[in-house]
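Summary of structural features
Residues per chain, in single letters:
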Amino acid sequence: FQRSCGKPGDGAGPFRPPHDIWVADSDRVYVCDRDNNRVQVFDRDGAFLEAWTDFFKPTSVVVDDDGVVYVTDLVSRVSILAEDGTLVTRLRVMMDGGHSIWVD
C-alpha cells in the first residue's frame, strides 16, 4: 500500500461511489464517479486535476496507447474522448448498461 485519496461526497475529489479506475501511461488516474455522473482525473499522487461531466452513471474507463479515452455508462453508450476530455464521438451500443470496456 502506497497511498489513498478521496472520500464519500460530491465535491472535487470525493466519490459516490468510485466505480472503475484506470492508471494511464501519461501519469493520470481516471476514476468513474458513478452517482456523480462524471469521470474525475487525478495525478498519480492523488491531486485532483479536473472532472469531466456529461455522462450518466459512468461504469468503466480505459485509455489506449494514443491517449484516447473510452468511457461506458448506463445509457448504453461508449463515449470516446481526447486526452484533454474533449468529446470525439459517442456510440450507442446494443446492451443494457455496459459495465466494462477494454481496448487492444
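Right above here is the structure, for reference.
To keep things clear, this report deals only with the structure shown in the data block. What you see is a predicted model, and the numbers here were worked out from it, not measured in a lab.

Right, let's get into the nonpolar core. The tendency in soluble globular proteins is for nonpolar side chains to be buried side by side. Grouped together as the largest cluster of nonpolar side chains are 18 residues, with contacts concentrated most on W22, Y30, V39, W52, V61, V69 and V71. The set of elements that each furnish at least two residues to this core consists of strand 2 (28-33), strand 3 (38-43), strand 5 (58-63), strand 6 (69-73) and strand 7 (77-81). In contact with V61, other than residues within four places in its own chain, are D20, W22, Y30, C32, V69, Y70, V71 and I101.

On the secondary structure map, S60 appears in strand 5. Sequence-wise, S60 and D33 are 27 residues apart; in three dimensions their C-alpha atoms are separated by 9.7 Å. When residues no more than four places from it in sequence are discounted, the contact partners of S60 are D20, C32, Y70, V71, T72, H99, S100 and I101. Only 3.0 Å separates the side chain of S60 from the side chain of D20, close enough to count as a polar contact.

Turning our eyes to something else, we now look at the packing of aromatic side chains. Following the criterion strictly, the structure yields four aromatic pairs and no others. Ring centres of Y30 and W52 lie 5.6 Å apart, and the angle between their planes is 55 degrees; this geometry places the pair in the tilted category. Pair noted here: Y30 is in strand 2 and W52 is in strand 4 (residues 48-52), with a separation of 22 residues, a long-range link. W52 carries the same exposure label as Y30, and that label is buried. A connected cluster of aromatic rings, assembled from ring pairs, spans F15, F42 and F48.

With that settled, consider the layout of surface pockets. Counted as a void, the largest pocket has a volume near 240 Å³. Taken together, 13 residues line the largest pocket, and the ones lying closest to its centre are S4, C5, I21, V29 and V31.

For the rest of this paragraph, the subject is unusual backbone geometry. A positive phi is found at D27, a non-glycine position, where the angle reads about 70 degrees. Residue position: D27 is located in the loop between strand 1 (18-23) and strand 2. Phi is positive for S76, which is not a glycine, with a value near 65 degrees. Tracing the chain through its elements places S76 in the loop between strand 6 and strand 7.

What counts and how
- Residues numbered from 1 in each chain as written.
- Predicted model: local features only at pLDDT ≥ 70, side-chain atom pairs only at ≥ 80, totals over all residues.
- Heavy atoms only, no water.
- Core = buried A, V, L, I, M, F, W, Y, C linked by side-chain atoms within 4.5 Å.
- Buried < 20%, exposed > 50% of the residue type's maximum accessible area, 1.4 Å probe, protein only.
- Helix = DSSP H or I, 4+ residues; strand = E, 2+ residues; numbered from the N terminus.
- Contact = heavy atoms within 4.5 Å.
- Polar contact = N/O pair within 3.5 Å; in protein donor to acceptor, adjacent residues only side chain to side chain.
- Phe/Tyr/Trp six-rings, centres within 6.5 Å; stacked < 30°, edge-to-face > 60°.
- 1 Å grid on protein atoms, 1.4 Å probe; cavity = no way out; pocket = protein on both sides within 12 Å on 5 of 7 lines; lining within 4 Å.
- Points joined across faces, edges and corners; volume = space filled by probe spheres on them.

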